[in-house]
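If you want the building blocks of each chain, they are given just below.
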There are 4 protein chains.
Amino acid sequence: MTSSTPLRPFMSDNAAPVHPRVWEAMRAADDSAPPYDGDALSQALDERFSDLFGRECAALWVATGTAANCLALATMVQPHGGVVCHREAHIEMDEGGAPGFYLHGAKLLLAEGEAAKLTPDDITAVIDPIRDDVHQVQPHAVSITQASEYGCVYRPDEVGAIATLAKARGLGLHMDGARFGNAVASLDCAPGAVTEGVDALSFGCVKNGGMSAEAIVFFDPALADVAHYRRKRAGHLQSKGRFLAAQIVAMLDGDLWLENARAANAAAQEIAGSCGNRLMHPVEANELFVTLSPAEREVLRAQSFAFYDWGDDAARFVTAWNTRHDDARALAQAIASL
Amino acid sequence: MTSSTPLRPFMSDNAAPVHPRVWEAMRAADDSAPPYDGDALSQALDERFSDLFGRECAALWVATGTAANCLALATMVQPHGGVVCHREAHIEMDEGGAPGFYLHGAKLLLAEGEAAKLTPDDITAVIDPIRDDVHQVQPHAVSITQASEYGCVYRPDEVGAIATLAKARGLGLHMDGARFGNAVASLDCAPGAVTEGVDALSFGCVKNGGMSAEAIVFFDPALADVAHYRRKRAGHLQSKGRFLAAQIVAMLDGDLWLENARAANAAAQEIAGSCGNRLMHPVEANELFVTLSPAEREVLRAQSFAFYDWGDDAARFVTAWNTRHDDARALAQAIASL
Amino acid sequence: MTSSTPLRPFMSDNAAPVHPRVWEAMRAADDSAPPYDGDALSQALDERFSDLFGRECAALWVATGTAANCLALATMVQPHGGVVCHREAHIEMDEGGAPGFYLHGAKLLLAEGEAAKLTPDDITAVIDPIRDDVHQVQPHAVSITQASEYGCVYRPDEVGAIATLAKARGLGLHMDGARFGNAVASLDCAPGAVTEGVDALSFGCVKNGGMSAEAIVFFDPALADVAHYRRKRAGHLQSKGRFLAAQIVAMLDGDLWLENARAANAAAQEIAGSCGNRLMHPVEANELFVTLSPAEREVLRAQSFAFYDWGDDAARFVTAWNTRHDDARALAQAIASL
Amino acid sequence: MTSSTPLRPFMSDNAAPVHPRVWEAMRAADDSAPPYDGDALSQALDERFSDLFGRECAALWVATGTAANCLALATMVQPHGGVVCHREAHIEMDEGGAPGFYLHGAKLLLAEGEAAKLTPDDITAVIDPIRDDVHQVQPHAVSITQASEYGCVYRPDEVGAIATLAKARGLGLHMDGARFGNAVASLDCAPGAVTEGVDALSFGCVKNGGMSAEAIVFFDPALADVAHYRRKRAGHLQSKGRFLAAQIVAMLDGDLWLENARAANAAAQEIAGSCGNRLMHPVEANELFVTLSPAEREVLRAQSFAFYDWGDDAARFVTAWNTRHDDARALAQAIASL
């Protein structure tokens, strides 16, 4: 970060700046309001998300996606149960064991699936062999990620099929929507269409122009009651919570969440266009997984592009709400020139 | 909050606005920095606190005092152990069972003590009767609150005596410093003088002009290593953590933390001066517990003073960094006129 | 234990021998039966207890009272909740923090009450001051001990009043019946009469002539389903569980549990008769708490009586199913002669 | 079990009867001894195992292998850590999530390996890709099973190589010895030779002629101190623990544990001799995994042989200390005749 040429950042959307309208909303919230979630903005969340999804919702702010995912799951999974998720799901790979903590030792039951997405068949391949006896951990819920860890999206019918299975088996259904905006922008559908049958959604803001707020949206408001207690118990109930609520409301106002996601997605498409069969997965959101040799990555880094290696022969590029068009085009050209 | 006359707020310092210099520091942090605690501000915390306390420290940001307290304690207390604390300590009364969660079922061992402070005798009264056998939960740590839940402060020698006892008994020592600034401002001593023998300090900022950042300061840096894992596992590692680090650094720069605390303390003294023997505890920080009948409280509320009832015959007033001198004086006069 | 004169044991009923009929039943169970609880004896427990209590029950064996209490409570209490119990309840004082472990950090909410018994007023004194907000741990269940830790019994109407309160407040009701037999023998009532409104009972056998088996009796069979998973998860599902089931069935056969309890109670009454106003609590089961100076205790110990000190000025004597009449009479005379 | 022809049982050694010498020892323990582990037999365990292994040991009884495994691991693994084990290890497959409970949410890190055994390479294949950062669960221990879940044994040099790796990486090493006797009998080596570098061993008795006792043997006695607290906290400290100690001592007396294991192993060899290339794994202890079509299994069951299916095309046969030679020979002949 100290080089004279500024980096062209494609490391992660989680390091991007905060959107100006989020800043404005936070500043506007700086009065002496009731603490915790007694302020008007926090109180408005249920209604705002009910409007957005077209059905009754109850929503809580929380500071991180890890906390959102785990608090959501904690309302559906007993300590002796399990959660079916993809082997490369964030809750399995990147949360430092938080599900084990929040779920009091419940187990992640790992499924395989193309592009880090699950199908009903992927799920039954995991749960059908589980004997219905006390020696084996029984599934209590399914968690899917929208967009997936490989930047692919579930279409409404795909979510619906999983929801149908979950309901038939008595399982809760959680959606990790750290990049839910990117998914909905990509699908160009109603948010409610792609969450039909979902019990709780982690609605991401931080990767999409926010600072420190995610929403947990419960489509079954009864679950939210438990989540309120668990949030406090996890030390996630901030006294000046109005600043988190303000961020979320700012994202919803004028559909900023979609505007930001579209910008990130468009930058990803710009780059994808020059990647050809280097692409390891379809680019449906704001992440690209690109086959690149070490030497090729060296060439790109020499041009100030910053990104993560993905194993030995590939790289991951992530665009964000603020990715400059120049940077995206330059990266596209640089890849094309390899 | 909807009345035409603005309220004169003495409810809690946790609802106060954010100090302008904290805002400035946050805005200045809004670049594309490495996520989590890879940014320069987060990286600076160890050194900043080492300078402040005059010995080697390791420090982490976290969003709430509850998380700070519990993560600190989790480095000292095994799941089968216990924490001695005052019966009215925040960790016992106000954290929604968070210690039970973070410490995996460890037990709070409740002590009595004047003004919510503990003496070595108060502590031994709890731990000496515990048989050294597996049927009883053994103490692993002591937690004290500075300033105490009744706004009283531990002098350096008082902390030292507890630290000596803790060391002799093999117990960790944690200090809940949600209002540590108010205590140090009151004592007018070096911060290091009043933390001698303490293993971990929750260094509060939110009640003192911050927005959403507290520091956990480990005087034994080895403990910080565990805390880093536990913080992530608790969903408290924010990707844009630089905004938390910025708040803490802003509080340390130019001793803003002391400046703010002195302002709050001074307002409390202004009010205390007119309370006479209505005071239930000495006013040594920024909280006042005042004997007031229901009718008297009614009179104060009619004058727009906002505060909490404290049982049936008393009220709690809390001043903050931004308490207006006019409001403090008006409250003093109003109480004097009762 | 190495003295030439055999001790006259009044230390605890938990150290007594195993009843011959329990031994016989265990030996009779020593065939190659299906493991875990697939054997005929384990399968019979539901029906046996349903017969005993006159309503539908589901029952599990487990090796210890601590496990029984905690597994029972785990079906009623969420990790963020609390259990109201007496300050001197076994779960609070003697289980090494097991409730914190089994309940995943849930809290014991301690009540006062005469003779270690609780009344509805004792319970409301604890729960009514709890604010209905997320900062405080909410009660989820009540646990009472029958007979109490001071050897006193709840009459059916006393249990009923607590059950009524529990139901009205949405709380589960657990009865720790480590000495349930002694209580029922003392009350001379139907077992079902004194468990009306109770959700789960720890039905003790070990202190009453058993070796290593207690029953958890669920009066709401739905709770038993969870308990089966939790029992395995706690490592309490023994593969040769038939030997535990055999003990319990032996206790029920021909009401051995009552026969043994009556013997112990009678021995306690024999001793009580000579204690006069030395008795600290009414003797209603098989425990005596007797005011005795250190010198007086010395005198008794010199006569080979073995017992625990109870604080500085008292002693605890416990009789068991096998207490010899001679020993009881001798103790009665020895106390009378002091 | 209701057929007129008695079954010839090869289901599991965990359903076998209790050895007469174990019964005798239990009966002999039926005096009024100090409760918990204050009796002479419990007190003797440290020395008995120290003698057996030729180095200082500390040992505790516990009722089940699941409890033994989990309590052992709980002394080595912090809640935020992980345990490397085989994908088919008992702790992963058959303990109902007990490790998640006892380790407070720590994670099992699953390795592949021939015949359910692990090599150092199998272990490094799991732990080397784990980034040393807080987002991923770090390994704290390794657990291996002796004999393995497929009835294969680790030779002393194989254990030694794993121990060397564990030590180099700062990991604890646990051995699940539910069938440790079968392994040592098979290896015909000193018990100490095959536990060099192991920190804790679950020394199985129940599958080897015991009733309800396993020993946890700590080769680092400091770990036993924690285990004592955790055992009580898990409700596994039985008041009449002398009956568990008696079982273990009976197993050690005159090397009954080896005598029983040899008998079971010999029966397995008898059967193995006729299985030819139907054997899926070498038969090194008392389990046989045999390729058998559904029709073939039907034929065997018609001859009263009882066993488990192992997937669609195989069966598992387990011999025990009491397997009759006639039954083993009959099974061998029946398989040969298929």
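Residues numbered from 1 in each chain as written. Chains lettered and ligands numbered in written order. Predicted model: local features only at pLDDT ≥ 70, side-chain atom pairs only at ≥ 80, totals over all residues. Heavy atoms only, no water.

1. Concerning the interface of chain A and chain B
Think of interface size as the accessible area that goes away when the parts come together; that is how it is often given. For clarity, the threshold we go by: Throughout, a residue-residue contact means that at least one pair of heavy atoms, one from each residue, lies within 4.5 Å. Buried surface area refers to the total accessible area, computed with a probe of radius 1.4 Å, that the two partners give up upon joining, counted for both partners together. Salt bridge, as used here: a side-chain nitrogen of Lys or Arg that lies within 4 Å of a carboxyl oxygen of Asp or Glu. N or O atoms within 3.5 Å of each other form a polar contact, as long as, within protein, one can give a hydrogen and the other can take it, and as long as residues adjacent in sequence are counted only when both atoms are side-chain atoms.
The interface of chain A with chain B comprises 47 residues on the first partner and 47 residues on the second. Buried area between chain A and chain B, both sides added, is near 3800 Å², and the carbon and sulfur share of it is 56%. Three residues stand out in chain A for area buried against chain B, namely W23, F101 and K240 of chain A, and they jointly supply 20% of the buried area on that side. In this structure, the connection of chain A to chain B is made through zero salt bridges. Counting every contact that joins chain A to chain B gives 30 residue pairs in polar contact (both at pLDDT 80 or more).

2. Let's talk about the domain arrangement of chain A
Residue and element names in this part refer to chain A. The condition that has to hold: Domain ranges listed in this record stem from an automatic or a database domain assignment.
The domain architecture assigned to chain A consists of domain 1 (8–16 + 260–336) and domain 2 (20–256). Computed from C-alpha coordinates alone, the two centres of domain 1 and domain 2 are separated by 27 Å. If you look at the interface, domain 1 gives 19 residues, while domain 2 gives 20 residues. Buried surface at the junction of domain 1 and domain 2, summed over both partners, amounts to about 1600 Å²; 48% is from carbon and sulfur atoms. Where domain 1 meets domain 2, there are two salt bridges. Notably, a salt bridge pairs R179 with E287, separated by 3.3 Å at the nearest N-O pair. Seen at the junction of domain 1 and domain 2, the total is 10 residue pairs in polar contact (both at pLDDT 80 or more).

3. Looking at the packing of helix α1 (residues 20–28) of chain A against helix α1 (residues 20–28) of chain B
What describes two packed helices is the angle between their axes and the distance between those same axes. Convention followed: Lines fitted to C-alpha atoms define the axes here, with helix axes fitted over just the stretch in contact, and angles between the N-to-C directions of these axes take values from 0 to 180 degrees. Helix and strand assignments come from DSSP, with helices taken as H or I runs of at least 4 residues and strands as E runs of at least 2, each series counted from the N terminus. Here roughly perpendicular refers to angles of 65 to 115 degrees, roughly parallel to angles under 35, roughly antiparallel to angles over 145, and oblique to all remaining angles.
Packing of α1 of chain A against α1 of chain B leaves a shortest axis separation of 13 Å and a crossing angle of 170°. In terms of orientation, α1 of chain A lies roughly antiparallel with respect to α1 of chain B. Where α1 of chain A abuts α1 of chain B, its residues W23, M26 and R27 of chain A lie against W23, M26 and R27 of chain B.

4. Some words on helix α9 (residues 221–233) of chain C
All names here are of chain C. Applicable threshold: Here the expected span of a helix is defined as 1.5 Å times the quantity of residues minus one. Here's how the labels work: a residue is buried when its accessible area is under 20% of the maximum for its type, exposed when over 50%, partly exposed in between, all with a 1.4 Å probe on protein chains only.
When the terminal C-alpha atoms of α9 are compared, their 19 Å separation across 13 residues agrees well with the 18 Å that a helix rising 1.5 Å per residue should span. Taken residue by residue, α9 has L223, A224, V226, A227, Y229, R230, R231, K232 and R233 as its buried positions. G235 sits one or two residues past α9 and shows a positive phi near 70°.

5. Some thoughts on helix α6 (residues 120–127) of chain B
Those residues of α6 of chain B not exposed but buried are D122, I123, T124, V126 and I127 of chain B. Tucked into the core, α6 of chain B has its buried residues touching β3 (81–86), β4 (107–111), β5 (138–145) and α7 (156–169) of chain B.

6. Observations regarding the interface of chain B and chain D
Heads up, the condition is: Residues were grouped as follows: Ala, Val, Leu, Ile, Met, Phe, Trp, Tyr, Cys and Pro as nonpolar; Asp, Glu, Lys and Arg as charged; and all remaining residues, including Gly, as polar.
Listed per partner, the contact involves 20 residues of chain B and 20 residues of chain D. Summed over both sides, the interface of chain B with chain D buries roughly 1800 Å², with 63% coming from carbon and sulfur. When the area that chain B buries against chain D is broken down by residue, the three leading residues are H80, V134 and Y229 of chain B, summing to 38%. On inspection of chain B and its partner chain D, the count reaches zero salt bridges. For the interface between chain B and chain D, the tally reads 10 residue pairs in polar contact (both at pLDDT 80 or more). Tallying contributions element by element places helix α9 (residues 221–233) of chain B first for the side of chain B that touches chain D, with six residues. Of the residues contributing to the side of chain B that touches chain D, the split by class is seven nonpolar, eight polar and five charged.

7. What to know about the environment of H80 of chain A
Along the polypeptide, H80 of chain A turns up in the loop between α3 (65–74) and β3 (81–86). Judged by its relative accessible area of 6%, H80 of chain A is buried. For H80 of chain A, the contacting residues outside a window of four places in its chain are V137, Q138 and H140 of chain A together with V226, Y229, R230 and R233 of chain C. Only 2.8 Å separates the side chain of H80 of chain A from the side chain of R230 of chain C, close enough to count as a polar contact.

8. Description of the UniProt feature "domain: Aromatic amino acid beta-eliminating lyase/threonine aldolase" (unreviewed entry) in chain A
Defined as follows: UniProt positions are given in the numbering used here, feature names are shortened, and annotations may be inferred rather than shown by experiment.
Mapped onto this structure's residue numbering, the UniProt feature "domain: Aromatic amino acid beta-eliminating lyase/threonine aldolase" (unreviewed entry) falls at residues 10–292 of chain A. Here residues 10–292 of chain A is 40% helix and 16% strand, with 15 Å between the C-alpha atoms at its ends.

9. Here we look at empty space enclosed by the protein
To be explicit about the condition: Both cavities and pockets are sets of points on a 1 Å grid over the protein atoms alone; in a cavity a 1.4 Å probe fits but cannot get out, in a pocket the set is open with protein on both sides within 12 Å along at least five of seven lines, and lining residues sit with an atom within 4 Å of a point. Grid points are joined across faces, edges and corners, and a volume is the space filled by probe spheres set on the points.
Tallying each qualifying case throughout the model produces eight cavities of 30 Å³ or more. Here the largest cavity defines a volume of roughly 250 Å³. Together, 21 residues line the largest cavity, and S239 of chain C together with T64, G65, T66 and K207 of chain D are the ones closest to its centre. A per-element tally of the lining of the largest cavity places helix α3 (residues 65–74) of chain D first, with three residues. In terms of residue class, the lining of the largest cavity is made up of six nonpolar, nine polar and six charged. Of the voids in this model, the second largest cavity is the one considered here, and its volume is about 100 Å³. Residues that form the lining of the second largest cavity fall into these classes: four nonpolar, 11 polar and no charged.

10. So, the confidence of the model for chain A
Rules: The score called pLDDT rates the predictor's confidence residue by residue, from a low of 0 to a high of 100.
With 98% of its residues at a pLDDT of 70 or more, chain A shows a mean pLDDT of 96. Model confidence for the complex is summarised by a pTM of 0.97, with the ipTM given as 0.96.

11. Focus: the sheet that holds strand β11 (residues 308–309) of chain B
Residue and element names in this part refer to chain B. Using the following cut-off: What makes two strands pair is DSSP finding at least two bridges between them.
Strand order in the open sheet made by the three strands is β9-β12-β11, with antiparallel pairing throughout. Of all strands in the sheet, those bounded by a partner on one side alone are β9 (287–291) and β11. Pairing of β11 with strand β12 (residues 314–318) involves two bridges; the strand directions are antiparallel. Looking at β12, one finds that D309 is bridged to A315.

12. Thoughts on the packing of aromatic side chains
For clarity, the threshold we go by: Ring pairs shown here join Phe, Tyr and Trp side chains whose ring centres sit within 6.5 Å, with only the six-membered ring taken for Trp; geometry is labelled stacked below 30 degrees between planes, edge-to-face above 60, and tilted in between. Criterion for a charge above a ring: Arg CZ or Lys NZ at most 6 Å from the ring centre, at most 35 degrees from the ring normal.
Evaluation of the coordinates by the stated rule reveals 66 aromatic pairs over all chains. Ring geometry for F289 of chain B against W310 of chain B: centres 5.0 Å apart, planes inclined by 75°, an arrangement best described as edge-to-face. Of this pair, F289 of chain B sits in strand β9 while W310 of chain B sits in the loop between β11 and β12; the two residues are 21 residues apart in sequence, bridging distant segments of the chain. Relative to F203 of chain D, the ring of F180 of chain D lies with its centre 5.9 Å away and its plane at 55°, an arrangement referred to as tilted. In this pair, F180 of chain D sits in helix α8 (residues 180–187) while F203 of chain D sits in strand β7 (residues 200–203), placing the two residues 23 residues apart along the sequence. F203 of chain D shares its class with F180 of chain D; the two are buried. What links up through ring pairs into an aromatic cluster is the set F49, F53, F180, F203, F219 and W257 of chain A. The side chain of R231 of chain B reaches across the aromatic face of W61 of chain B, ending 4.1 Å from its centre.

13. Considering the relation of the copies chain A and chain B
Definition in use: For the least-squares superposition of copies, only C-alpha atoms count, and only for residues with pLDDT at least 70 in both.
Rotating chain A by 180° and translating it 0.0 Å along the rotation axis places it on chain B, where the RMSD comes to 0.0 Å. Such values leave the two copies arranged in the relation of a two-fold axis. Closest approach to the rotation axis within chain A is made by the C-alpha atom of A234 of chain A, at a distance of 3.6 Å. Of the residues that chain A buries at the interface, 100% are likewise interface residues in chain B, meaning the two copies contact each other through the same surface.

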